[in-house]
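Residue-level structural notes
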Amino acid sequence: MSAIQEVVTEAPAVEAVPKRAMTLGNGTSLAMLALLIIVPLFVKNFIIFQLTMLLIYALAVLALNILTGGSGQFSLGQSAFYAVGAYTSAILMEHGNINYALTLPVAGIICFGFGFLFGQPALRLSGVYLALATFALATAMPQLLKLGVFEHWTGGVQGLVVTKPDAPFGLPMSQDMWLYYFTLAVTIAIYIFSVNLLQSRSGRAFMAIRDNEIAASAMGIDVALYKTLAFGVSAGITGVAGGLGAIAVQFVAPDGYTITLAISLFLGMVVGGVGWLPGSIVGSAFIIFVPNIAEGISKGLSGAVFGVLLFLVIFLVPHGARQVAIVAQQLIGKLKKN
Amino acid sequence: MELFTNQVLAGIATGAIYACMALAVVMIYQAIDHLNFAQGEMAMFSTFVCWQLMQWGVPYWGAFLITLVFSFAGGIAIERLLFKPLAKAPILTNVAGFIALYAIINSVAGLIWDFTIKQFPTPFGSSPFLGSQLISTHQAGMIGVTLLLLMLLFFFFRFTRMGLAMRAAASLPESARLVGINTSWMIALGWGMAAAIGAIAGMLIAPVVFLEPNMMLGVLIYGFAAAVLGGLTSPLGAVVGGFLVGVFENLVGTYIPGVGNELKLPIALALIVTVLVVKPAGLFGRPIVKRV
């Protein structure tokens, strides 16, 4: 319409969260950890299974958080990485008879490579365009898994059944409880890795890119490398979560990894607070339990109830659980002064 | 060669659906700078309202007009009630809001009108158009309406004060406020217009895909793809993008062996991503220069 190009000065799409505000203090972390260790001892197997899924989705949300909250890139394609991780684990366990614990690093590495490669074309895209590209990946993945060429490995539409591991060394635990503690150990390891990553040189590079790409490159940051690296790390962690998910659910099938999963993970990130790593578990709880609660309130209108609850959350705390944490911290600070 | 022309024609016919939806998508993107994920559901709801009116005995064009007014008001109401309070919230929170709206509308429509598919009448008839079996008069009519809408939008944005004010509010809100434009209401107006265009799209699409609460899911994805391909800043681009996506999709399904109905969408999307990698602002979009 006009010959003059539009020039805009706009705030970055993702808020600048300082790296100290991305984690919890030591005391709170230890209390949280103690809670996660003790709770399963007192509840039924089905609830333990749900808690395991809670940790697994928390890992996947955490991965998205590193990508979006850390490096400022959107992704609606996390379900694709989750699917690749799940299938890697399942195929290795069922066709290769490899120990379940050993399949996870393989799933992580394969997904890292996949994410890193996907990050290459994604470099040229940002904002909605990147969202569309990752969205394409998410819609394509279930169809690719169904292809006849891979059917020997993937089991096609039928999927694969995975055997649940027993507790090792004759520990007196149910399979569910063992799997929970195993998942908890993996989650803690990855959480510590992520916190350290964000506080390292690479993490600072991610955040510099998130806040201002041009300034970051002027400071000598290899923007292309770190953007693809963020994709790779995020995909790798999602892949490990996918592998754990396959073991926990004991089943992989293409239709378990549709765009709905990617959207759930996105909602989990928003509810937990973008860029606040501990929020991942809050977000994960939201996407696991709130649909059930909605179903409980009204069967016919479960979608509407879910939507209303989601609106309530974002109206009350637009910055997610992070906002609650900040307010709580200020209150405690005031109490201490008095 | 005949197969090729036929497939292109059929592609243009489906492309008209996408073009219509893409217009609505671009419209709201102009006003609020986000893609509205609930756009398809809003259109679906409007279409159901129109269907309900006709069930009560209102003639087609009467129902059509009432639905337009209803959608326009509904779009403004949604903006005022739900999204104005979120204006200062982060973008991602807004996107979560769209997803919530999607879930609510879909579920409510399912409860009121249930999930069985319904026939929706067409004002254009469905006999073959100019002797061609591939394009019916309805599809030709749809293409006509899409092009007419495009013209109207072009004149609205180019030659009316209101259109100019909306453009100003979208591109530089602060300066627009300084010259006395009520930018907040311009956004609401954008929602209303987008809802009304979406309703037109819905009412034109319904005779082809049949009316049911999930009818817009696929259409919206293609509509987004078309809008992004054409460039989100350009209504003309959206329409051209819509036709291109329709033709792409059909040719891919015909000429690449082993591509069933299910792989059409991923391949069409992959093509679009390829185009975007070469031209990041879309085919007709203006590249936006950011001030450092």
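Residues numbered from 1 in each chain as written. Chains lettered and ligands numbered in written order. Predicted model: local features only at pLDDT ≥ 70, side-chain atom pairs only at ≥ 80, totals over all residues.

This part covers the overall build of chain B. Summing up its helical and strand segments, chain B has 11 helices and three strands in all. Start at the N end of chain B and walk to the C end: the helices and strands fall as α-α-α-α-β-β-α-α-α-α-α-α-α-β. Against the globule reference of 19 Å for 292 residues, chain B gives a C-alpha radius of gyration of 19 Å, in line with a compact fold. Principal-axis analysis of the C-alpha atoms places the extent of chain B at approximately 60 × 50 × 35 Å. The buried share of chain B, taken over its 292 residues, is 49%. A separation of at least 24 residues holds for 73% of the contacts in chain B among residues at least 6 apart in sequence. (Helix = DSSP H or I, 4+ residues; strand = E, 2+ residues; numbered from the N terminus. Rg over C-alpha atoms; globule rule 2.2 N^0.38 Å. Buried ≥ 20, exposed ≤ 12 C-beta atoms within 10 Å, placed from the backbone. Contact = placed C-beta atoms within 7 Å.)

Regarding its fold elements, chain A presents 14 helices and three strands. At 20 Å, chain A has a C-alpha radius of gyration in line with the 20 Å of a compact globule built from 338 residues. If one aligns the C-alpha atoms of chain A with their principal axes, the spans along those axes are about 65 × 60 × 45 Å. Of all 338 residues assigned to chain A, the portion counted as buried reaches 51%. In chain A, once contacts between residues fewer than 6 apart in sequence are set aside, the share between residues at least 24 apart is 79%.

Membership of the largest hydrophobic core comes to 202 residues, with the highest contact counts inside it found for L59 of chain A together with C20, A22, L23, V25, A225 and V228 of chain B. Once residues lying within four places of it in the same chain are set aside, the contact partners of V25 of chain B are L35, Q39, G223, F224, A227 and A238 of chain B. (Core = buried A, V, L, I, M, F, W, Y, C linked by C-beta atoms within 7 Å.)

This part is about the interface of chain A and chain B. Each side of the interface is counted separately: chain A has 38 residues, and chain B has 42 residues. For the side of chain A that touches chain B, the elements supplying multiple residues, two or more each, are strand 1 (7–8), helix 5 (127–146), helix 11 (259–272) and helix 13 (302–316) of chain A. Per-element tally for the side of chain A that touches chain B: the top contributor is helix 13 of chain A, with 10 residues. Residues of the side of chain A that touches chain B, tallied by class, amount to 25 nonpolar, nine polar and four charged. (Nonpolar A, V, L, I, M, F, W, Y, C, P; charged D, E, K, R; others polar.)

Interhelical geometry of helix 5 of chain A versus helix 9 (residues 216–230) of chain B gives an angle of 135° and a closest axis separation of 11 Å. One way to sum up the angle between helix 5 of chain A and helix 9 of chain B is to call them oblique. Helix-helix and strand crossings are classified by hand; for helix 5 of chain A and helix 9 of chain B the assignment is left-handed. Each of V128, Y129 and L132 of chain A in helix 5 of chain A lies in contact with helix 9 of chain B, whose residues at this interface are F224, A225 and V228 of chain B. A breakdown of the residues in the contact of helix 5 of chain A with helix 9 of chain B according to their chemical character gives six nonpolar, no polar and no charged. (Axes fitted to C-alpha atoms, helices over the stretch in contact; angles between N-to-C directions. Parallel < 35°, antiparallel > 145°, perpendicular 65-115°, else oblique. Left-handed = near helix turned anticlockwise from the far one by under 90°.)

As a further point, take the environment of M166 of chain B. Looking at the secondary structure, you find M166 of chain B in helix 6 (residues 161–171). Between the C-alpha atoms of M166 of chain B and I221 of chain B, which are 55 residues apart in sequence, the distance is 26 Å.

Residues and elements named next belong to chain A. Position of F315 among the secondary structure elements: in helix 13. When the 14 C-beta atoms within 10 Å are taken as the criterion, F315 is described as partly exposed. In this structure, the C-alpha to C-alpha distance between F315 and I287, residues 28 residues apart in sequence, is 17 Å.

Residues and elements named next belong to chain A. Overall, the prediction assigns chain A a mean pLDDT of 83, with 93% of residues at 70 or greater. Within chain A, the element-level pLDDT minimum falls on strand 1, averaging 45, and the maximum on helix 10 (residues 223–249), averaging 91. Below a pLDDT of 50 lies the segment residues 1–10, which in the model reaches 14 contacts outside its immediate sequence neighbourhood of four places, other chains included. (pLDDT = per-residue confidence, 0-100.)

What follows concerns the environment of A19 of chain B. All names here are of chain B. Checked against the element boundaries, A19 lands in helix 1 (residues 2–32). Each C-alpha atom, one on A19 and one on V245, is 8.9 Å from the other, the two residues being 226 residues apart in sequence. Apart from residues no more than four positions distant in its own chain, A19 is found in contact with T146, A226, A238, V239, G242 and F243.

A word on unusual backbone geometry. The residue Q250 of chain A is not glycine, and still its phi comes out positive at about 65°. One non-glycine residue, D114 of chain B, lies in positive phi territory at about 50°.

Attention now moves to helix 10 (residues 235–255) of chain B. The periodicity of an α-helix, 3.6 residues per turn, causes residues three or four places apart in sequence to face the same way. In this model, helix 10 of chain B (21 residues) spans 30 Å end to end at C-alpha, consistent with the 30 Å of a helix rising 1.5 Å per residue. For helix 10 of chain B, the buried fraction is high: 15 of the 21 residues fall into the buried class. (Expected span 1.5 Å × (residues − 1).)

Residues and elements named next belong to chain B. Averaged over chain B, the pLDDT score is 83; the fraction of residues at 70 or greater is 93%. The secondary-structure element of chain B with the lowest mean pLDDT is strand 3 (residues 289–290), recorded at 63, while helix 3 (residues 60–83) shows the highest, at 91. As scored by the predictor, the complex reaches a pTM of 0.84 and an ipTM of 0.80.

In contact at an axis separation of 10 Å, helix 11 of chain A and helix 4 (residues 91–113) of chain B are set at 130° when each is read in the N-to-C sense. As judged from the angle between their axes, helix 11 of chain A and helix 4 of chain B are oblique. For the pair helix 11 of chain A and helix 4 of chain B, the crossing hand works out as left-handed. Here I263, L267 and V270 of chain A of helix 11 of chain A come into contact with helix 4 of chain B, specifically with L92, T93, A96 and I99 of chain B.

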